[in-house]
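What the coordinates show
Each chain, letter by letter, is given below.
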Amino acid sequence: MTLATMNGQDVHVDDEGFLTEYDEWDHELAKTLAANIGIELTDAHMNVLEFLRADYKEQGETATLRRVTTMGGTPTKELFRLFPKKPAKKMAYIAGLPKPVGCV
Amino acid sequence: MTTATSAAPIPSFDDDAGGRKLCIICSKGSLDMAYPGLVLANAALGEGVETHMFFTFWGFDIINRKTMGHLQFSPVGNPATHMPTALMGLPGMQSFATHMMRKQIEGIDVPEVPEFLELITDAGGHLWACRMSADMMHLTKDDLYERVEDIISASDFIELSEGAQTIFV
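Within every chain, residues take consecutive numbers counted from 1 along the sequence as written. By the order in which they are written, chains take letters starting at A while ligands take numbers starting at 1. pLDDT decides what is reported in this predicted model: residues at 70 or higher carry local features, side-chain atom pairs at 80 or more are listed and counted, and totals for whole chains, interfaces and linings draw on all residues regardless. Hydrogens and water are ignored here; the side-chain numbers use all heavy atoms of the structure.

Thoughts on helix α2 (residues 43-59) of chain A
Owing to its 3.6 residues per turn, the α-helix brings residues three or four apart onto one side. Residue and element names in this part refer to chain A. Labels follow the DSSP assignment, with helices taken as runs of H or I lasting at least four residues and strands as runs of E lasting at least two, numbered in each case from the N terminus. In this scheme, a helix's expected span is set at 1.5 Å multiplied by one less than its residue total. Compared with an ideal rise of 1.5 Å per residue, which puts 17 residues at 24 Å, α2 spans 24 Å between its outermost C-alpha atoms and is within 8% of the ideal. Working definition: with a 1.4 Å probe on protein chains only, accessible area under 20% of the residue-type maximum means buried, over 50% means exposed, and in between means partly exposed. Buried within α2 are the following residues: His45, Met46, Val48, Leu49, Phe51, Leu52, Arg53, Asp55 and Tyr56. Contacts: residue pairs with any heavy atoms within 4.5 Å of one another. On its buried face, α2 is in contact with α1 (27-36), α3 (65-70), α4 (76-82) and α5 (87-94). Positive backbone phi, approximately 80°, marks Gly60, located one or two places after α2.

See below:
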């Protein structure tokens with residue numbers, strides 16, 4: 001684990017740059033994380049991120065794409081539009097959560 | 001151990017996936033043999049890999065409108081059931097085993113076959129049917145799941161899979 005500075009605050013990240021402390025995340029940080037990977041956050045993005053955050057808090061693991069679709073209500077196509085190519089990992093990164101481990 | 005640095009690393013999501021392309025040949029239509037291809041296709045799409053599924057022979061059951069929702073699991077001759085072989089052929093055993101497997105699949109929140117195909121095509125996956133199998137079974141495109149793009153020949157598939165990694169299930 002590494003201590004890094006982002007938006008002028010200290011945050012803990014893993015070797016790849018994923019945040020490792022749930023409570024260190026906030027909306028401003030999300031914007032910076034998104035910009036790091038070329039995504040400009042909109043309300044549609046935020047809805048998905050809020051679902052991921054809340055679901056992680058309840059379940060203790062990052063939701064898979066299918067779970068975001070079935071439980072979070074955002075269709076698969078929309079997820080691929082919002083977070084192109086690798087939606088599951090990109091969502092997790094911006095939401096300050098670990099990569100999802102589920103297969104489906 | 002926590003070490004201090006100034007800038008956080010940025011993950012490389014490698015959007016191009018190196019132009020990676022995957023073709024999955026689905027040749028079997030039992031419940032247990034349908035899922036490996038579906039799961040891998042879905043995972044590949046989630047990693048930004050161009051993905052094609054080619055359904056041939058018994059794999060047609062996965063895209064045949066009449067059968068796709070009712071695939072069966074046969075425990076006969078399957079040592080993985082860890083049950084006495086003599087019992088497996090008894091009447092009702094196949095539907096019991098199928099029921100159990102469906103429950104297990106549902107239990108881990110994995111979709112049924114038709115919904116899985118919808119998921120895969122929503123994620124940008126391509127579905128193709130084999131010409132020879134269609135001819136043998138006297139099936140046309142109208143008999144197949146509506147998101148199957150076309151019925152194509154073996155040579156078409158060879159062209160399609162140029163430069164792809166191909167998995168035979």
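That was the structure; now back to the text.
Notes on the confidence of the model for chain B
Residue-level confidence of the predictor is what pLDDT reports, using numbers from 0 through 100. Confidence in the prediction of chain B, expressed as mean pLDDT, is 90, and 95% of residues score 70 or more. For this predicted complex, the interface score ipTM comes out at 0.86, while the overall pTM is 0.88.

Quick look at the confidence of the model for chain A
As a general rule, the predicted coordinates of low-pLDDT regions are not to be interpreted in detail. Averaged over all residues, the pLDDT of chain A is 93; the fraction at 70 or higher stands at 100%. Mean pLDDT across the elements of chain A ranges from a minimum in strand β1 (residues 2-6) of chain A, with 86, to a maximum in α2 of chain A, with 96.

Some details on the interface of chain A and chain B
Every contact between the two is made by 29 residues of chain A and, on the other side, 28 residues of chain B. Buried area: the sum, over both parts, of the accessible surface (1.4 Å probe) that disappears when the two are put together. Contact between chain A and chain B buries roughly 2,500 Å² in total, counting both sides, with carbon and sulfur atoms accounting for 57%. When a carboxyl oxygen of Asp or Glu is within 4 Å of a side-chain nitrogen of Lys or Arg, the pair counts as a salt bridge. Applying the counting rule to chain A against chain B returns 4 salt bridges. Whenever a nitrogen or oxygen atom comes within 3.5 Å of another N or O atom, the pair is scored as a polar contact, on the condition that within protein one atom can donate a hydrogen and the other can accept it, and that pairs from neighbouring residues in sequence are kept only if both atoms are in side chains. Counting every contact that joins chain A to chain B gives 5 residue pairs in polar contact (both at pLDDT 80 or more). Going through the elements one at a time, β1, β2 (9-13), α3, α4 and α5 of chain A are the ones with two or more residues in the side of chain A that touches chain B. Each residue gets one label: Ala, Val, Leu, Ile, Met, Phe, Trp, Tyr, Cys and Pro are nonpolar, Asp, Glu, Lys and Arg are charged, and the others, such as Gly, are polar. Class assignment for the residues of the side of chain A that touches chain B results in 13 nonpolar, 7 polar and 9 charged.

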